[in-house]
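Here is how the chains run, residue by residue.
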Amino acid sequence: MTVFCAGLGTTGTIVGASRYLREKSPRIRIVGVACRPDEAVPGVRSIRRLEEIKFAWRAAIDHLAEIGTRESYERSLALCRIGLLAGPSSGLAFAGLARFLEAQQASTALDELRNDDGEIVTVVVCPDPALLYLDRYCEYLDPPDQTPSGNPGSC
């Protein structure tokens, strides 16, 4: 494994995993993903709300990404479509991993993530099932109805 990524809620997962994984491989990159300010994704905090956490989460990560609600649900739906019934906080983590890898590619630092076999091996934590949030997918992903009332579209 060369990259580990997880959403930041209580930060216990990222702090504990970082500690363990860095002992096994000092080259591993740890990516933490927060929710954008004034947006909401179940189980994940914004950077402002992360300041309430007493764990040393900032020291545990190499890169911090912020992802919004809509993108979290879009990525979750993409995971569901390939057979991984992963919910919105999983979508958020997956989007953060993708953003990190895109940034590494753009800066030509992608090769630094390769292991001895020349592979980039990533792990992203998917902690929630999509079924718990079915009603919210319609809320965040359906386009607004074109009626004069402006009511949200229906699934």
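That block above? That's the structure.
Values in this document were obtained by computation on a predicted structure and should not be read as measured data.

Trainee: What is the right way to look at helix H1 (residues 12–24) in this model?
Mentor: Since the α-helix packs 3.6 residues into each turn, any two residues three or four apart lie on the same face. When the terminal C-alpha atoms of H1 are compared, their 19 Å separation across 13 residues agrees well with the 18 Å that a helix rising 1.5 Å per residue should span. Looking at the buried positions of H1, the neighbouring elements they touch are strand E1 (3–7), strand E2 (29–35) and helix H3 (57–60).

Trainee: I keep staring at unusual backbone geometry and nothing clicks. Help me out?
Mentor: Glycine aside, a negative phi is what most residues show, and trans is what most peptide bonds show. Within the chain, Asp38 stands out as a residue other than glycine whose phi angle is a positive 65°. Position of Asp38 among the secondary structure elements: in the loop between E2 and helix H2 (47–50). Even without being a glycine, Thr108 presents a positive backbone phi close to 60°. The class of Thr108 is exposed, set by a relative accessible area of 68%.

Trainee: Looking at this structure, how should I read the packing of helix H4 (residues 69–81) against helix H5 (residues 88–106)?
Mentor: Helices that pack against each other are described as a pair by the angle of their axes relative to one another and the distance between those axes. Running from amino to carboxyl end, H4 crosses H5 at an angle of 95°, the nearest separation of the two axes being 7 Å. Here H5 runs roughly perpendicular to H4, going by the angle between their axes. On H5, the residues that touch Glu71, Ser72, Tyr73, Arg75, Ser76 and Leu79 of H4 are Pro88, Ser90, Gly91, Leu92, Phe94, Ala95, Ala98 and Arg99. A breakdown of the residues in the contact of H4 with H5 according to their chemical character gives seven nonpolar, four polar and three charged.

The rules behind each value
Residues numbered from 1 in each chain as written. Predicted model: local features only at pLDDT ≥ 70, side-chain atom pairs only at ≥ 80, totals over all residues. Heavy atoms only, no water. Helix = DSSP H or I, 4+ residues; strand = E, 2+ residues; numbered from the N terminus. Expected span 1.5 Å × (residues − 1). Contact = heavy atoms within 4.5 Å. Buried < 20%, exposed > 50% of the residue type's maximum accessible area, 1.4 Å probe, protein only. Axes fitted to C-alpha atoms, helices over the stretch in contact; angles between N-to-C directions. Parallel < 35°, antiparallel > 145°, perpendicular 65-115°, else oblique. Nonpolar A, V, L, I, M, F, W, Y, C, P; charged D, E, K, R; others polar.

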